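One-letter residues, chain by chain:
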Amino acid sequence: MGAAAVVIVALPLLAALISWVAGDRPVAGWASLAAGIGSLAASLVAVFAQNAAAGVRALGGVVYLDGLGGVFLLAVAFVYAVVAVYSVGYLRPGIGHVRLRHLYWPLLNLFGFALVATPLVDNLAALWVVIELTTIVSAVLVTAEGNDASLEAAWKYIVIGSAGLAVGLLGIVLLYAAGAPALGGSYDPTYTNLAGAASSLTPTLTRVAFALIVVGFGTKVGLVPMHAWLPDAHSESPSPVSAMLSGGLLAAALYAVLRLGAITVGAVGPTYVRTLLLAFGALSLVLAGLFTLRQSNYKRLLAYSSIEHMGIVSLGIGIGGPIAAYGAFLHVLVHAAGKTLAFFGAGELLSRYETRSADHVRGVMQATPFTGVMVLVAAIAVAGMPPFGIFRSELTIVTGGFTRPQYVFAALLIVMANIAFVGIYRTFHRMVLSTDRRDDDTARVTRSPQPLMAAAMLTSLAVLVVLGLWIPAPLNELLHSAAGVIGART
Amino acid sequence: VNPAPHYDFVHAAAALIAIATLLTELALLGAKLVHEQVRVYAVQSLLAAAFVMLVGVQRGQADLIVLAALTVAIKVVLIPLGINRQLTFQAAEHEVPLVIKVPMSLLIGVVLAGIAYWSATAIGAIGVALPEPVLGMPIALVLIGFFFMISRQNVISQILGLLSLENGIFFATVSLAPGMPFVVGFLILFDAAAAVVFYGVLARLIVARMRQTSVLDMSTLRG
């Protein structure tokens, strides 16, 4: 476990160093690609071969991996790997618009490092630091297209994100103070220490701390009403970075909320944590779902869909009980696959049509059938249709809602999922299948699909289909164990 | 409670620092020019360092004294110097466009401070180093710093609002959890410095490319 953990975090760091030295040479991309895939392989080993579901501690208490961390580690490592593969293609001349090429690879690898380190660290302060690192590096990546809109988006992101994380830090400090009566004035804030003393944490302080944590880290999750930065940052960054933000960053921040939530559950019981998550989850689901109906920018549309999906995960955890929590954790994995596929497709559209406006993209299927199929399948999958994994996880959460019973929230999920389906599918259907094109709606760049970009998309698609039809036994066990960590065994 | 030898002196000094810090926060709301705001921030950070020093001496914790020295180096010297270098790049005498004018801002600041004191009492936070009447000060800094950020439409002012908000968290950390390992305090400090570097780069890009320091004009992205 210790060795695997070292490989997981060392490869991205090494790739960051190599790509920084290599500058604009192709070796930067290839090193990053190798690091992404290697880090994913090591994550699979750490999670499955070494039985993370049981909870493993390594490297003298620096690293801790259990079911909860395992689920999120798989999600972020997968996103980092496919984004690295896609980016090698996307940065080829004449495809993606990326101006800060000498910075792109080192920052992408640092971003990957911070993401895979998040579910591994066994310390509240370290958790906060790696999440803050994601903000700093990804904000610069958001500006990689180098235009005014991307600068504006990055500024909004960094100001709102940092303010949110400052609030989250206050929450962590209060949680530390809540542990002081039981653990002494000066203790190491590891999960073990806090979880072990959970029943003797000061209840009032713990409650206030968790509220600050939900608002603070929730800002980076994109929960409404702290989501203002998210649509801009997702829309203005280069598409592989959008995929990394949506599938990786949001998940990593949500992991922080749930990890600290697990400690809070131990201190004040599950009801308080669930109520907060239900409230923010439902609000995000409803508002983001409605916003998908009025987006003419297809990348913004996908960004609102990300808010909606983070709302669904929060709702699933908030509903409580083993079934809904299982569905919520499955949703983290399938959302990572679905959103990478969708943003990769959006990157294809952007590089061919040179516009983000859905009204100016027509006849994709005729022009480039492969891209057309991928984009349309991504839209169907992200909107929650079978046979893809997102349908399965949403159905599981709804089932969990009816067995609790939490009829209102289960019904809300059904209604909003349908509204979002209309919003997403309508837009993508028009872009891909309709042929009533005006003169300015034709693809400006025609080329056959770039092999690495296609490979990345097919990988995401394969995960979506497989998890929609079949959950392997070890993954099944992992998802159950994650539900157990946040107190949803019964 | 461990009755330290200079218990009364320490508490009186802590109370004085807390009151002075709150006044700097209100002064921040009153400052219209960016370089005035930078100076106020430096004074506030000096008070933060004095506070850490005081708690460190009282508890006999050498790590807190080192933290105080680092605070002076980074927050009182390096960050204000760095921002001033940015200011020579943009118009230093530039008045910050205010969405909410100064008198109203001060009024809102006082109300926020009141809310902070009330909520600190309601939480019943066990302040280790701050005497009871001034427990609300860190929370007041967080609330007012946040208000400053959203009401000052200048990129540098927004950074300063964030940094002042972080000062509030710094006070909260030292007063609520003075035993929190040194490495945590150091990381937070280091992080503030790194963030400022990145914000500075971004602010410079915004000024250079968009020819503006006011985020009022940055309104392309909506909905």
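Residues numbered from 1 in each chain as written. Chains lettered and ligands numbered in written order. Predicted model: local features only at pLDDT ≥ 70, side-chain atom pairs only at ≥ 80, totals over all residues. Heavy atoms only, no water.

**Some remarks on the overall build of chain A**
Part 1 of the reasoning: What chain A contains, in helices and strands, is 19 helices and 2 strands.
Part 2 of the reasoning: For 490 residues, the compact-globule estimate of 2.2 N^0.38 gives 23 Å, and the C-alpha radius of gyration of chain A, at 21 Å, lies within 12% of that figure.
Part 3 of the reasoning: Within chain A, buried positions represent 67% of all 490 residues.
Part 4 of the reasoning: Surface summary for chain A: the accessible area is close to 14,300 Å², and the carbon and sulfur share equals 68%.
Part 5 of the reasoning: Where the 26 positive side-chain charges of chain A centre and where its 20 negative ones centre are 4 Å apart. (Helix = DSSP H or I, 4+ residues; strand = E, 2+ residues; numbered from the N terminus. Rg over C-alpha atoms; globule rule 2.2 N^0.38 Å. Buried < 20%, exposed > 50% of the residue type's maximum accessible area, 1.4 Å probe, protein only. Areas by Shrake-Rupley, 256 points an atom, 1.4 Å probe, with all protein chains shown as cover. Lys, Arg positive; Asp, Glu negative; His and termini not counted. Charge placed at Lys NZ, Arg CZ, Asp CG, Glu CD.)

**Things to note about the environment of Gly69 of chain A**
Part 1 of the reasoning: Tracing the backbone shows Gly69 of chain A in helix α3 (residues 67-90).
Part 2 of the reasoning: When neighbours within four sequence positions are excluded, Gly69 of chain A is seen to be in contact with Pro119, Tyr255 and Arg259 of chain A. (Contact = heavy atoms within 4.5 Å.)

**Side note on the nonpolar core**
Part 1 of the reasoning: Within the largest apolar cluster, 259 residues are counted, with the highest numbers of intra-cluster contacts made by Phe72, Trp155, Phe217 and Phe329 of chain A.
Part 2 of the reasoning: The leading source of residues in this core is helix α10 (residues 239-268) of chain A, at 20 residues. (Core = buried A, V, L, I, M, F, W, Y, C linked by side-chain atoms within 4.5 Å.)

**Digging into the packing of α10 of chain A against helix α12 (residues 298-319) of chain A**
All names here are of chain A.
Part 1 of the reasoning: In contact at an axis separation of 11 Å, α10 and α12 are set at 20 degrees when each is read in the N-to-C sense. Put simply, α10 runs roughly parallel to α12. The element α10 and its partner α12 pack so that their crossing is right-handed. When α10 is examined against α12, the residues Ser239, Ser242, Ser246, Leu250, Leu254 and Leu258 are found in contact with a partner set consisting of Lys299, Ser306, Met310, Val313, Ser314 and Ile317.
Part 2 of the reasoning: Split into classes, the residues belonging to the contact of α10 with α12 amount to 6 nonpolar, 5 polar and 1 charged. (Axes fitted to C-alpha atoms, helices over the stretch in contact; angles between N-to-C directions. Parallel < 35°, antiparallel > 145°, perpendicular 65-115°, else oblique. Left-handed = near helix turned anticlockwise from the far one by under 90°. Nonpolar A, V, L, I, M, F, W, Y, C, P; charged D, E, K, R; others polar.)

**Quick look at the side chain of Ser314 of chain A**
All names here are of chain A.
Part 1 of the reasoning: Looking at where Ser314 falls in the secondary structure, it is placed in helix α12.
Part 2 of the reasoning: Of note is the side chain of Ser314, whose polar atom sits 3.0 Å from the backbone oxygen of Met310.
Part 3 of the reasoning: Once you skip the residues sitting within four places of it in the chain, Ser314 turns out to touch Leu223, Leu254, Leu277 and Gly281. (Polar contact = N/O pair within 3.5 Å; in protein donor to acceptor, adjacent residues only side chain to side chain.)

**Details of the confidence of the model for chain B**
Residues and elements named next belong to chain B.
Part 1 of the reasoning: Here chain B averages 80 in pLDDT, and 75% of its residues register 70 or above.
Part 2 of the reasoning: Within chain B, helix α7 (residues 182-210) has the poorest average pLDDT of any element, 69, and helix α2 (residues 34-59) the best, 92.
Part 3 of the reasoning: On the interface metric, ipTM, the complex scores 0.85, and its pTM is 0.93. (pLDDT = per-residue confidence, 0-100.)

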